[in-house]
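# Overview (structure and organization)
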Amino acid sequence: CLMCNTRSAASAASVSDFANLVVWMKSHGGRVDPRIDISITKNGVRGATALSTIEKGTELLFCPWKLVIGSTGMQDQMQSGSGGIGMCEVVEMMANEIRQKSDSL
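For every chain, the first residue of the written sequence is number 1, and numbering continues from 1 along that sequence. Local features in this predicted model are restricted to residues whose pLDDT is 70 or higher, and side-chain atom pairs enter the listing and the counts only when it is 80 or higher, whereas totals over whole chains, interfaces and linings include all residues. Derived side-chain values reflect all non-hydrogen atoms in the structure, with water molecules and hydrogen atoms excluded from consideration.

## Observations regarding the overall build of the chain
Working definition: helices are DSSP H or I runs of at least four residues, strands are E runs of at least two. Numbering for both runs from the N terminus. Of the regular secondary structure elements, the chain holds three helices and five strands. Listed N to C, the secondary structure of the chain is β-α-β-β-β-β-α-α in terms of helices and strands. Three exposure classes are used, based on accessible area relative to the maximum for each residue type with a 1.4 Å probe and protein chains only: buried under 20%, partly exposed in between, and exposed over 50%. The burial tally for the chain puts 18% of its 105 residues in the buried class. Residue contacts are counted whenever heavy atoms from the two residues lie within 4.5 Å of one another. Within the chain, contacts between residues at least 6 apart in sequence are counted, and of these 45% link residues at least 24 apart. Note on areas: Shrake-Rupley with a 1.4 Å probe; residue coverage comes only from the protein chains shown. Roughly 8000 Å² of accessible area belongs to the chain as shown, and the carbon and sulfur atoms make up 59% of that amount.

## Here we look at the pairing of strand β3 (residues 36-40)
Here, a strand pair is defined by DSSP locating no fewer than two bridges between the strands. Judged from the five bridges that link them, β3 and strand β4 (residues 45-50) form a sheet pairing that is antiparallel. Along β4, the bridge assignment pairs I40 with R46. Between β3 and the antiparallel strand that follows it, β4, lie four residues; G44 among them carries a positive phi value of about 85°.

## Some details on the pattern of salt bridges
Side chains that differ in sign of charge can pair as their charged atoms come close. By convention in these notes, a salt bridge is any Lys or Arg side-chain nitrogen within 4 Å of a carboxyl oxygen on Asp or Glu. According to the stated counting rule, one finds three salt bridges in the structure shown. A salt bridge links E59 to R31, with the nearest nitrogen and oxygen atoms 2.8 Å apart. With E59 in the loop between β4 and β5 (61-62) and R31 in strand β2 (residues 31-32), this pair connects stretches of sequence that are 28 residues apart. Judged by its relative accessible area of 41%, R31 falls in the partly exposed class. Residues R35 and E55 are paired through a salt bridge, measuring 3.3 Å at the closest nitrogen-oxygen approach. Of the two residues, R35 sits in the loop between β2 and β3 while E55 sits in the loop between β4 and β5, which places them 20 residues apart along the sequence. By relative accessible area, which is 23% here, R35 ends up partly exposed.

## Observations regarding the packing of aromatic side chains
Centres within 6.5 Å are what make two rings of Phe, Tyr or Trp a pair, Trp counting through its six-membered ring; a difference in plane orientation under 30 degrees is then read as stacked, over 60 as edge-to-face, and the rest as tilted. In this structure the tally under the stated criterion is zero aromatic pairs. The ring of F62 has R31 lying over it, and the distance from NZ or CZ to the ring centre is 4.2 Å. The criterion is that NZ of a Lys, or CZ of an Arg, lies within 6 Å of the ring centre and within 35 degrees of the ring normal, and then a charge sits over that ring.

## Section: the nonpolar core
In plain words, nonpolar cores are sets of buried Ala, Val, Leu, Ile, Met, Phe, Trp, Tyr and Cys residues tied together by side-chain atoms within 4.5 Å. Judged by nonpolar contacts, F18, V22, M25, V32, I36, I38 and L67 together constitute the single largest core of seven residues. Contributions of two or more residues to this core are made by α1 (8-27) and β3. Here the element with the most residues in this core is α1; it accounts for three residues.

## Quick word on the environment of R31
Put simply, R31 and L61 are 30 residues apart on the chain and 5.5 Å apart in space, counted from C-alpha to C-alpha. At a separation of 2.8 Å, a polar atom in the side chain of R31 contacts the side chain of E59. By the criterion applied in these results, polar contacts are pairs of N or O atoms within 3.5 Å in which, for protein atoms, one can donate a hydrogen and the other can accept it, and in which residues neighboring in sequence qualify only through two side-chain atoms.

## Remarks on the side chain of D33
Assignment of secondary structure puts D33 in the loop between β2 and β3. In this structure the side chain of D33 is engaged in a polar contact, spanning 2.7 Å, whose partner is the backbone nitrogen of R35. The residues touching D33, leaving out its near neighbours within four places in the chain, are T58, E59 and L60.

Structure (structure tokens):
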């Protein structure tokens, strides 16, 4: 589940922005399961929400590599050789920043 804090004024725009992002992603070869949406709680927490039952193992979202900023492909992302960092390290770094909340960068 993707989670972040938002302000109420920006919240409505964020929900409609998700719909625009879905249209754009699909027009460029991406896929988004129609049973997911972005919702925002009264506390301003935004996250992906299942609109109906989704079977375990179902692909919820597919983003082609050509749409990923800073990526040249799966092979490059999975390997960290030559002092670079791979996809797993990037995800771990992002998770650590999220856990820090307001103390994050």
